[in-house]
Amino acid sequence: MTDQRFIIEMGMGNDLHGMDYQKAAARAIEDAMHHSSLPMFEVLDIPHAKMRVAVTIGVQDPSQLNTDALATLLPRGNATVTAVPGGLNSTHPQTGNTIVIATAAIEAFLPNQAATVAPA
């Protein structure tokens, strides 16, 4: 594959009361997306459809995630989401209430642009 990674953003999300892995993962994706802007698409006249987006979500129980639904949260590019063991569950010792914490890494890839960008 000749794609080159040109951005990676990390995010964290949680569900404080419902032990909802999906909600925590969605919040982690949203957090990561709020850390970046990609003006190069407009500047270099690159269609967003050429971008491949790979999202990795870490939670204690990856089987609880609907990765196809999470992929729909990505507004640009062709996204795939992979769930892996990670994140953190934090249980209150007196109440037993568990906070689910998810982590996300969003990587964006484009075909090699070296041949299409003229040197300055």
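Refer to the structure presented above.
Here is what the cut-offs are and how they apply
- Residues numbered from 1 in each chain as written.
- Predicted model: local features only at pLDDT ≥ 70, side-chain atom pairs only at ≥ 80, totals over all residues.
- Heavy atoms only, no water.
- Helix = DSSP H or I, 4+ residues; strand = E, 2+ residues; numbered from the N terminus.
- Buried < 20%, exposed > 50% of the residue type's maximum accessible area, 1.4 Å probe, protein only.
- Areas by Shrake-Rupley, 256 points an atom, 1.4 Å probe, with all protein chains shown as cover.
- Expected span 1.5 Å × (residues − 1).
- Polar contact = N/O pair within 3.5 Å; in protein donor to acceptor, adjacent residues only side chain to side chain.
- Salt bridge = Lys/Arg side-chain N within 4 Å of Asp/Glu carboxyl O.

**Here we look at the overall build of the protein**
For the protein, the helix and strand inventory stands at three helices and five strands. Each helix and strand of the protein, ordered N terminal to C terminal, gives the series β-α-α-β-α-β-β-β. Here the C-alpha coordinates of the protein stretch approximately 65 × 25 × 20 Å along the principal axes. Buried residues in the protein amount to 31% of all 120 residues. When the accessible area of the protein is evaluated, it comes to approximately 7200 Å², of which 54% is carbon and sulfur surface.

**So, helix 1 (residues 21–33)**
Over its 13 residues, helix 1 runs 18 Å from end to end, which matches the ideal 18 Å to within 8%, given 1.5 Å per residue. Looking only at helix 1, the buried set comprises Tyr 21, Ala 24, Ala 25, Ala 26, Ala 28, Ile 29 and Ala 32. The residue sitting at the N-terminus of helix 1 and contributing the capping side-chain oxygen is Asp 20; that oxygen lies 3.0 Å from the backbone nitrogen of Gln 22.

**Observations regarding the pattern of salt bridges**
Enumeration according to the criterion identifies three salt bridges in this entry. Notably, a salt bridge pairs Asp 3 with Arg 52, separated by 2.8 Å at the nearest N-O pair. Here Asp 3, found in strand 1 (residues 3–15), pairs with Arg 52, found in strand 2 (residues 52–59); they are 49 residues apart in sequence, far enough to count as distant. Taking relative accessible area as the criterion, Asp 3 reaches 24% and is therefore assigned partly exposed. The closest approach of N and O atoms between Glu 107 and Arg 5, which form a salt bridge, is 2.8 Å. Taken as a pair, Glu 107 in strand 5 (residues 98–111) and Arg 5 in strand 1 lie far apart in primary sequence, 102 residues in all. Overall, Arg 5 belongs to the partly exposed group, its relative accessible area being 48%.

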